[in-house]
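# Analysis of the macromolecular model
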Amino acid sequence: MNIYILVEGRRTEKKVYPKWMSLLVPKITEVKHPTQVVDKNYYIFNGNGFPSLLDNHLRNAVEDVNNIKLFNYFVICLDSDEDSVAQRKQQVLDFINQNNISFVNCELVIIVQNKCIESWFLGYQKIYSRQPQSQILREYNDFYNVSIDDPEQMGKIERYETCAQFHESYLSELLAEKNIRYTKKNPNIVTEDYYLKGLIERNVSTNHISTFKDFIDFCNKINSEMTK
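Residues numbered from 1 in each chain as written. Predicted model: local features only at pLDDT ≥ 70, side-chain atom pairs only at ≥ 80, totals over all residues. Heavy atoms only, no water.

### A look at the overall build of the chain
The helix and strand inventory of the chain stands at eight helices and five strands. Reading the chain from its N terminus to its C terminus gives the helix and strand order β-α-β-β-α-β-α-β-α-α-α-α-α. Taking the principal axes of its C-alpha atoms as reference, the chain extends roughly 55 × 35 × 30 Å. When burial is assessed residue by residue, the chain has 53% of its 228 residues classed as buried. Carbon and sulfur atoms make up 44% of the accessible area of the chain, which totals about 11,200 Å². Averaged over its 27 positive side-chain charges, the chain has a centre that lies 5 Å from the centre of its 30 negative ones. (Helix = DSSP H or I, 4+ residues; strand = E, 2+ residues; numbered from the N terminus. Buried < 20%, exposed > 50% of the residue type's maximum accessible area, 1.4 Å probe, protein only. Areas by Shrake-Rupley, 256 points an atom, 1.4 Å probe, with all protein chains shown as cover. Lys, Arg positive; Asp, Glu negative; His and termini not counted. Charge placed at Lys NZ, Arg CZ, Asp CG, Glu CD.)

Have a look at this one:
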């Protein structure tokens, strides 16, 4: 069992996914180059944003996978941004079809972070303050209360160009209220076991952050296949 993971994010995903994989699929280990895979390994590569992930990296990554012939899954993790999850998945499939890209004995899995990976992180309910001191955070809560409503369904305040920018700012403000600093370069808190468990509990109890569950379901599938 070997997995090739192509992530969109330049910084955050390369730090978060390996930590989460070590907790969710402890029998699989990361390698630093795709040619190093043997069995129960995964390789993760940064696609440097969207559409760069498709235009500059996907074709070469699939070529590596097909040449090595040891990968069982090719996983693409990317944001939906301002598109729907279905639209973003279709853009990937259209690119693959239009460029005659095929996978040799390797299954494609597309995991869309709706709207971005910070939207998932907002699902951890213990970071919320009932009476926030920050005026900015009070404004965010008045716009959309992510402690009650699904973070994946939140739009943006008008002054932000994208939902991803707003969701990242919202997360940073929530954590700053707890004297915790979050940046895309240093997302350390969200990689902790208790934080991951909190996100899973939020999904189970509310069905919120449903695209996060797609990732959890995939990890459970890998665990099941490795124990057969």
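So that's the structure; there's more coming.
### Here we look at the packing of helix 2 (residues 52-68) against helix 3 (residues 85-98)
It is the contact of helix 2 with helix 3, at a shortest axis distance of 11 Å, that shows an interaxial angle of 55°. Considered as vectors, helix 2 and helix 3 are oriented oblique to each other. In the crossing of helix 2 with helix 3, the sense of the turn from one axis to the other is right-handed. Between helix 2 and helix 3, the residues in contact are L54, D55, L58 and R59 and Q91, V92, F95 and I96, respectively. Here the contact of helix 2 with helix 3 is composed, by residue class, of five nonpolar, one polar and two charged. (Axes fitted to C-alpha atoms, helices over the stretch in contact; angles between N-to-C directions. Parallel < 35°, antiparallel > 145°, perpendicular 65-115°, else oblique. Left-handed = near helix turned anticlockwise from the far one by under 90°. Contact = heavy atoms within 4.5 Å. Nonpolar A, V, L, I, M, F, W, Y, C, P; charged D, E, K, R; others polar.)

### Focus: the packing of aromatic side chains
The tally for this structure, following the rule as stated, stands at 22 aromatic pairs. Between F121 and Y182, the ring centres sit 6.1 Å apart and the planes meet at 70°, which makes this aromatic pair edge-to-face. Of this pair, F121 sits in helix 4 (residues 117-121) while Y182 sits in the loop between helix 6 (163-176) and helix 7 (193-206), and the two are 61 residues apart along the sequence. For the ring pair F166 and Y170, a centre distance of 5.8 Å and an interplane angle of 55° mean the geometry is tilted. Linking F166 with Y170, this pair stays in helix 6, spanning four residues, or about one helical turn. (Phe/Tyr/Trp six-rings, centres within 6.5 Å; stacked < 30°, edge-to-face > 60°.)

### Observations regarding the layout of surface pockets
Taken as a whole, the largest pocket holds about 330 Å³ of empty space. Around the largest pocket sit 19 residues that line it, and E8, G9, R10, D79 and K184 are the ones nearest its centre. For the lining of the largest pocket, the elements supplying multiple residues, two or more each, are helix 1 (12-24) and helix 6. For the lining of the largest pocket, the class distribution of residues is four nonpolar, six polar and nine charged. (1 Å grid on protein atoms, 1.4 Å probe; cavity = no way out; pocket = protein on both sides within 12 Å on 5 of 7 lines; lining within 4 Å. Points joined across faces, edges and corners; volume = space filled by probe spheres on them.)

### With respect to helix 3
Between the first and last C-alpha of helix 3 there are 20 Å, a value that for 14 residues agrees with the 20 Å anticipated at 1.5 Å per step. For helix 3, the complete set of buried residues consists of V85, R88, V92, F95 and I96. Taken around the axis of helix 3, the buried residues stretch over an arc of 100°, which confines them to a single face. Counted as exposed and oriented over 90 degrees from the buried face of helix 3: A86, N97 and Q98. Against the buried residues of helix 3 lie helix 2, strand 4 (73-79), strand 5 (107-113) and helix 8 (210-226). (Expected span 1.5 Å × (residues − 1). Arc of directions from axis to C-beta.)

### Examining the state of the cysteines
Under the defined criterion, the tally for this structure stands at zero disulfides. Unpaired in this structure, C116 has its nearest cysteine sulfur neighbour in C163, at a distance of 8.1 Å. C219 carries a free sulfur, and the closest cysteine sulfur to it, the one in C77, is 9.1 Å from it. Using a relative accessible area of 1% as the deciding quantity, one classes C219 as buried. (Disulfide = S-S within 2.5 Å.)

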